[in-house]
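An overview of the molecular structure
These are the residues of each chain, in order.
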There are 2 protein chains.
Amino acid sequence: MVKITDVARRAGVSPSTVSYALSRKRPISEETRQRVEAAVRELGYRPHAGARALGGSRSNVLALVVPLRAGIDVPVVMRFAVSVVTAARGHDHDVLLLTQEEGEEGLRRVADTALVDALILMDVQLRDPRLPLLRSLGRPSVMIGFPSEATGLTCIDLDFRAAGEACVEHLAGLGHRVVALVGSPPEVYVRGTAFAQRVVQGFTGAADRAGLASAVHPCEATPAAARRVAERLLREQPALTGVVVHNEAVLEPLVDAFARLGLRVPGDLSITAICPDALAEGLRVPVTSIALPAAEVGARAVELLMRKLAGEEVPEATLLPPRLTRRASTGPRALA
Amino acid sequence: MVKITDVARRAGVSPSTVSYALSRKRPISEETRQRVEAAVRELGYRPHAGARALGGSRSNVLALVVPLRAGIDVPVVMRFAVSVVTAARGHDHDVLLLTQEEGEEGLRRVADTALVDALILMDVQLRDPRLPLLRSLGRPSVMIGFPSEATGLTCIDLDFRAAGEACVEHLAGLGHRVVALVGSPPEVYVRGTAFAQRVVQGFTGAADRAGLASAVHPCEATPAAARRVAERLLREQPALTGVVVHNEAVLEPLVDAFARLGLRVPGDLSITAICPDALAEGLRVPVTSIALPAAEVGARAVELLMRKLAGEEVPEATLLPPRLTRRASTGPRALA
DNA sequence: ATGAAAGCGCTAACAC
DNA sequence: GTGTTAGCGCTTTCAT
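All chains use their own residue numbering, which begins from 1 and follows the written sequence. For naming, the first written chain is A and the first written ligand is 1, with later ones following in the order written. Confidence filtering applies because this is a predicted model: local features only for residues at pLDDT of at least 70, side-chain atom pairs given and counted only at 80 or more, and all residues used for totals across whole chains, interfaces and linings. Neither water nor hydrogens contribute to the side-chain values; these are computed over all heavy atoms in the structure.

Quick look at the interface of chain A and chain B now. The extent of an interface is frequently quoted as the accessible surface area lost upon association of the parts. Between chain A and chain B, the contact holds 41 residues from the first and 40 residues from the second. Summed over both partners, the accessible surface that disappears when two parts come together, traced with a 1.4 Å probe, is what is meant by buried area. Taken together, both faces of the contact between chain A and chain B bury some 3,700 Å²; the carbon and sulfur share is 63%. Summed over the three residues of chain A that lose the most area to chain B, namely R46, M78 and L97 of chain A, the buried surface amounts to 18% of that side. Counted as salt bridges are all cases of a side-chain nitrogen of Lys or Arg within 4 Å of a carboxyl oxygen of Asp or Glu. In this structure, the connection of chain A to chain B is made through eight salt bridges. For R46 of chain B, the salt bridge goes to D112 of chain A, with nearest N and O atoms at 3.7 Å. A 3.5 Å cut-off defines polar contacts: any pair of N or O atoms within that distance qualifies, except that in protein one atom must be a possible hydrogen donor and the other a possible acceptor, and neighbouring residues in sequence count only when both atoms are side-chain atoms. At the surface where chain A touches chain B, the tally comes to 10 residue pairs in polar contact (both at pLDDT 80 or more). Every helix listed is a DSSP run of H or I at least four residues long, and every strand listed is a run of E at least two residues long, numbered separately from the N terminus. Breaking the side of chain A that touches chain B down by element, the ones donating at least two residues are α4 (49–56), β1 (61–66), α5 (74–90), β2 (94–99), α6 (103–112), α11 (223–236) and α12 (248–260) of chain A. For the side of chain A that touches chain B, the element with the most residues is α5 of chain A, which contributes eight residues. Each residue gets one of three labels, nonpolar for Ala, Val, Leu, Ile, Met, Phe, Trp, Tyr, Cys and Pro, charged for Asp, Glu, Lys and Arg, and polar for the others, Gly among them. Partitioning the side of chain A that touches chain B into residue classes produces 24 nonpolar, four polar and 13 charged. Any two residues whose heavy atoms approach within 4.5 Å at even a single point are treated as in contact.

Structure follows, in structure tokens:
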């Protein structure tokens, strides 16, 4: 293994100079830096991660806690994970994967052993039991999602409440008077998963303010459940003409189910969704949707963490404004 | 931060005794071990990961390279990842997440910096460019999947060829004479992804041996593509009565498409799949399937790695035999 | 602008 | 069965 002293010898400088030349933590003459860098290249030097962590008290590793619980859409989780890894690499950090099952003990372990410098959490619940731990961990963290009370912590996410509102307002603007929200699986609400709750709040609030009749239906992530919800919707709200879908897994089956029930989209029914753009675009009838900007959220979560690691103050809350893209699935309410 | 010397002082022993008491790398009297463990608990001691890696030349971290390429089913990838993380934790290891995009440079980096002790690779291709690198990396690795030539390396996977064969034999045993394979998306074959190719080989070989007429159809991972394939199948093989599906994403849409084309399952058409049991069970018509044992593969991959880290010899190839579960989707061929 | 040297916290070889 | 001690390879004062 080639070590810093090898590089130093080759470049004709001291080890500390090599260290500083690479970290740029103190001025090094252009000429020596060139020599050091040449030596690094020639020898294929790679600093030993453990030694670096021990000497410098920075491991350059982030922990990412991913949810794997019922009702969470796996492809969406993966999109976040990939964007976090990619962004982290852009800041010379690697990502350690933790599963939610490891729980608080897992967080404590990787923090206390200095395996990681900082943590990113997904699938935050409104009253998340991990919050006190995060506050006392002594390492920066960022949550993707908003608990109800997050003083002293850092959160980032799409503004799901505004997203729910925007969907309703879009439908209201098209003249629709009776709307429904097809939401996440019931267990997601039971657990108090933050983003799902906020969509409901936004949806209901906006509907009330606009004087629309509205209803909310949780929905399992199966096509069969989608069909049942479609039938129930028409039975319970015969005048329904606008639907908001916040459930990636059932968007397509739901659209199919409506079609099979003889409803034209957008002729009889306008549909909007909150989901990744790729999903909304790819359907037979492209769906008007609010993008779920996983890549942006992941990248900005990492950036926030980097700034915290650098000792900067960062805002406690970062809410990304919803961006609605009109597609073929929404249109003006048909005259009766 | 509480360190090993703190524990030593508290327990009234030397630091090395603490180290040995915890690692059990040399005999320690029952009594002192008790004292040490008590001290550890009282002080909440956690060994510093970096120091451990530096002193012991073991980081207790594994690298997992996950594929994120077109045509790969994300939920399946996630199942593997989770099983690897879980198994690794069972051996006191953590998992560093690498994306395929990082490529060979990423592998070299985490190995050379001693960030990880060993590596697990998914999505292996028949002629995988990473093989020479793996051989020269100086760290143990395990591939989930089989390249065509893997001398000196370690591979594990479901025996996909046998899986393809077993599906055909099951159908042949039920009297079917004309069969088709609906496979992975075309790009998967173009890349030479090992497991997909092997299914084709097994399928075709078994069909030939049994004297069945057979055809293979790659299929994009979209419901629309599934519908097109269904139609094409009936057009090109009018006598078709047996279908093997090796494509998680289209299994359900395909079954639906056949239904909409007026075909009864299993009355007119028998269907078998190679996919996770949960998927096959959950459909409206539960599908006879060969399980994709992600949890077992992940766990055994980790075990192989642990044994290699311990200096043991392990078999180069571990092929898990396919396990076929009969469900409602297959039955005897109807008499014409 | 550079160098010398003292740690960082742990493991393991070497005593006893 | 336990203690002493010399590293592991890097970062970072403290000198110059």
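Don't stop here, the text continues.
Looking now at the domain arrangement of chain A. A domain assignment, automatic or from a database, supplies the domain bounds used here. Splitting chain A by domain gives domain 1 (4–46), domain 2 (61–158 + 294–320) and domain 3 (160–292). For domain 1 of chain A and domain 2 of chain A, the distance between their C-alpha centres works out to 35 Å.

With that settled, the discussion passes to the packing of aromatic side chains. All names here are of chain A. Working definition: rings of Phe, Tyr and Trp (its six-membered ring) pair if their centres are within 6.5 Å, and the pair is stacked with planes under 30 degrees apart, edge-to-face with planes over 60 apart, and tilted otherwise. A complete count under the given rule lists two aromatic pairs over all chains for this structure. Ring centres of F160 and F195 lie 5.2 Å apart, and the angle between their planes is 50°; this geometry places the pair in the tilted category. Of this pair, F160 sits in helix α8 (residues 160–173) while F195 sits in helix α10 (residues 194–209); the two residues are 35 residues apart in sequence, bridging distant segments of the chain. Only protein chains enter the accessibility calculation, which uses a 1.4 Å probe; a residue whose area is less than 20% of its type maximum is buried, one above 50% is exposed, and one in between is partly exposed. Taking relative accessible area as the criterion, F160 reaches 4% and is therefore assigned buried.

UniProt positions are given in the numbering used here, feature names are shortened, and annotations may be inferred rather than shown by experiment. Using the residue numbers shown here, the UniProt feature "domain: HTH lacI-type" (unreviewed entry) corresponds to residues 2–56 of chain A. In residues 2–56 of chain A, the share of helix is 71% and the share of strand is 0%. The end C-alpha atoms are 19 Å apart.

Let's shift gears to the sheet that holds strand β6 (residues 178–182) of chain A. Residues and elements named next belong to chain A. What the six strands build is an open sheet, ordered β7-β6-β8-β9-β10-β12; its pairing is mixed. Edge positions in the sheet fall to β7 (213–217) and β12 (324–325), since each of these pairs with one other strand and no more. At least two DSSP bridges between two strands are needed for those strands to be called paired. In the sheet, β6 pairs with β7 via five bridges, with the strands oriented parallel. Paired with V182 across the strands is H217, a residue of β7. Running over the sheet, α11 touches β6 and β7 and is turned about 155° from β7. Helix axes are fitted to C-alpha atoms over the stretch in contact, other axes to C-alpha atoms as well, and angles between N-to-C directions run from 0 to 180 degrees. Together, β6, β8 (242–245) and β9 (270–275) form the strand contacts of α12, whose direction differs from that of β9 by roughly 170°.

This brings us to the relation of the copies chain A and chain B. In the superposition of chain A on chain B (RMSD 0.2 Å, axial shift 0.1 Å), the rotation amounts to 180°. Accordingly, the operation relating the two chain copies is best matched by a two-fold axis. Most of the interface of chain A is mirrored in chain B, where 98% of its interface residues are also at the interface. Least-squares superposition aligns the copies on the C-alpha atoms of those residues with pLDDT at or above 70 in both.

Further remarks concern the side chain of Q100 of chain A. Residues and elements named next belong to chain A. If you trace the backbone, Q100 turns up in the loop between β2 and α6. A distance of 3.1 Å separates polar atoms of two side chains, one belonging to Q100 and the other to D123. Discounting residues that sit within four places of it in the chain, Q100 has contacts with V65, V66, P67, R69, M122, D123 and R130.

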